[in-house]
Every structure is written in C-alpha cells, then in structure tokens.
Amino acid sequence: MTGSLVLLAGILALLRFEDRLANPGSTSSARPLVMYCAASNRDVMEEIRGVYQHEFGRQIEIQYGPSQTLLSSLEISQTGDLFLPADDSYLDIARQKSLIGQVLPIATMRAVVAVRLGNPKSVQDYSDLLRSDLRLVLANPDTAAIGKLTHRILSDQSKWNAAAAAALAQRLTVTEVANDVSVGAADAGIVYDAVLHTYSDLTWIDLPELANAESQVSIGVIASSRQLEAALHFAKYVVSSEHGLRHYRQHGFHVQEAANIPIDSVSRSQHQLTSEPFNKPDGAL
C-alpha cells in the first residue's frame, strides 16, 4: 500500500510538472522539450543539457525520478518528448504500448556493491551482505531499474530473498541507496557503477553473483511528441560520440563504439548520425 501511495504521489507530481510545461507563459515560439530521465543519469544529463541549451538555444525541461514512476506518468499523460530510463526493459514496455517510437542506445551500467573508501566492513563476497553487523540497503524492484535488475539476477540464483530479508531498507532510486552509504546510514548497497562517479567517498566491490547484472541505457522519442524533429535532434546529440557520449564516458558509463551500435527504427547507422554536423532544428532560438 505504501509503495502504491508513493507511486501515485510521484505520478501526480509529474502531471503537475507537465501541465506547467504545457502552459509556460512564454512568448517564445520554441516550446521547451520535455524529457523524463532516470535519477541515475541526472549528473551526466545536466552537463549535456547545459551545453546543448547554450549551443542551440532550445530549452530542455527534465523530470528526474525512478524509471517505473516515469513510465507510469508517461502512460497516463501520454505527453512529453523524450524518455530515458535506467534500463531498456522500460523502453520495451513503452514500445509494446505504442508510447515510444525511435530508440537510440547510449551506454551500459553494471551493478556493483557500494561501500565507503577503504571498505571498513571488509565486504568480500555475497555472504558478507547478509551479516548481522552490516547495514545493507537495496533499491526497490517496483520503482528503480537497479532494484528490478538485482531482483532478477539474484532470484535466478535463489539469493534475492536472503538479501531482501537482510536489508534494513529498500529505497526508491539508486541515488538514494548511494546517498545512504555516503552519509553513513548504511554500510553497503547495490548500485550502478556509473552512479558512484560523483561520490568521492565511495568505492565499489564486484561480486560474481552480479557479473551479468548490466543495464543498457537508451533514449527514446515519445510517439505522441508534438516536436518530433526537435526531440530526435536532441536524442541524436546525446548519442553523438563528439557530444553526449563524451560526457557519458567521463561519468563512468560504458560507452560502446559508435560503429557497433545499431540504431533501432532509424534508417541510418549511428556512425552516420554522429558524423553529421549539428544544425539548429526547426523552432530553435
């Protein structure tokens, strides 16, 4: 019940956000692009947004949150221009419901165990996470992509229930898990490796149990967007090796070589997309 109330509150907040964007009170003919973005990508996307807005004059309004909450809001409102969850599984669901058109891959993230520098609790293997003297936090599988991924991977090994029982809490987003470890409210938590890029006081432990726990990060253009050309322009900017991918690489994401990444539902290869000059899209200031 608590989870449902939190999800409902998040959806209502997103709906208010969308209503404000639909009526910005601006005299500009170029409306802001509306983007739903996973909390795990906040830091890198803020960098990309700042550079893009400066270069092209098009404002990008971004709502950050848990991937599932963002998907639920998109499904209910069917508004906005871009959707960037922390894992492609949410884009797959959105496409099955005809909410998403074109999808462009960006990078991958791996699941790791976050601990404080020096690993004061000496976390070495999975069994250490279950110790009574270790405070473990996890992300909620019903809201966060890392939680959903962890639940699937550990359940396949019959190890999820033990971890869930040992955890003192389940957080809504991966950044909340990292924050708990950073401020000392927890000793360990399962997060994405890229998220730890901005935490100078944290490091991570690789566990064999999480060896296959990887999420593909992609950006999708919302099918009902009223600014399809502008939305695709920004999406192509994000996946450009000379633009967005440079920031993703600097933030610790695992960026594939452009020539090896197929672009779904786009007739040209990513190599061609990223080698084109970026001109201002229609409606840009």
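Residues numbered from 1 in each chain as written. Predicted model: local features only at pLDDT ≥ 70, side-chain atom pairs only at ≥ 80, totals over all residues. Heavy atoms only, no water.

**Concerning the overall build of the protein chain**
Keep this limit in mind: Think of it this way: any DSSP run of H or I at least four residues long counts as a helix, any run of E at least two long counts as a strand, and we number them from the N terminus. Relative accessible area decides the class of each residue, using a 1.4 Å probe on protein chains only: under 20% of the type maximum gives buried, over 50% gives exposed, and in between gives partly exposed. Contacts were defined at the residue level, with two residues in contact if any of their heavy atoms lie within 4.5 Å.
Broken down by element type, the protein chain carries 10 helices and nine strands. A total of 285 residues make up the protein chain; the buried ones form 53% of that total. Sequence-distant contacts, at least 24 apart, represent 78% of the contacts inside the protein chain between residues at least 6 apart.

**Points about unusual backbone geometry**
Look at S98: it is not a glycine, yet its phi comes out positive at around 60°. Accessibility expressed as a relative area gives 58% for S98, which makes it exposed.

**Focus on the environment of S89**
Applicable threshold: Two N or O atoms count as a polar contact when they lie within 3.5 Å, although within protein this holds only if one can serve as hydrogen donor and the other as acceptor, and sequence-adjacent residues are included solely when both atoms are side-chain atoms.
Here S89 lies in helix α4 (residues 88–96). Along the backbone, S89 and K148 are 59 residues apart, and their C-alpha atoms lie at a distance of 9.7 Å. Looking at S89, its side chain comes within polar contact range of the side chain of D87, at 2.8 Å.

**Re the packing of helix α2 (residues 42–56) against helix α8 (residues 228–238)**
Condition: To obtain each axis, a line is fitted to C-alpha atoms, and for helices this fit is confined to the stretch in contact; angles are then taken between N-to-C directions over 0 to 180 degrees. Should an angle fall under 35 degrees it is called roughly parallel, over 145 degrees roughly antiparallel, and 65 to 115 degrees roughly perpendicular, with every other angle called oblique. In this scheme, a crossing is called left-handed if the near helix is turned counterclockwise away from the far one by less than a right angle; it is called right-handed if the turn is clockwise.
Close contact between α2 and α8 brings their axes to 11 Å; oriented N to C, the two are set at 125°. As summarised for this structure, α2 and α8 are arranged oblique, according to the angle between their axes. Read as a crossing pair, α2 and α8 show a hand that is right-handed. When α2 is examined against α8, the residues M45, I48, V51, Y52, E55 and F56 are found in contact with a partner set consisting of A230, H233, F234, Y237 and V238.

None of this, on its own, says anything about what the molecule does.
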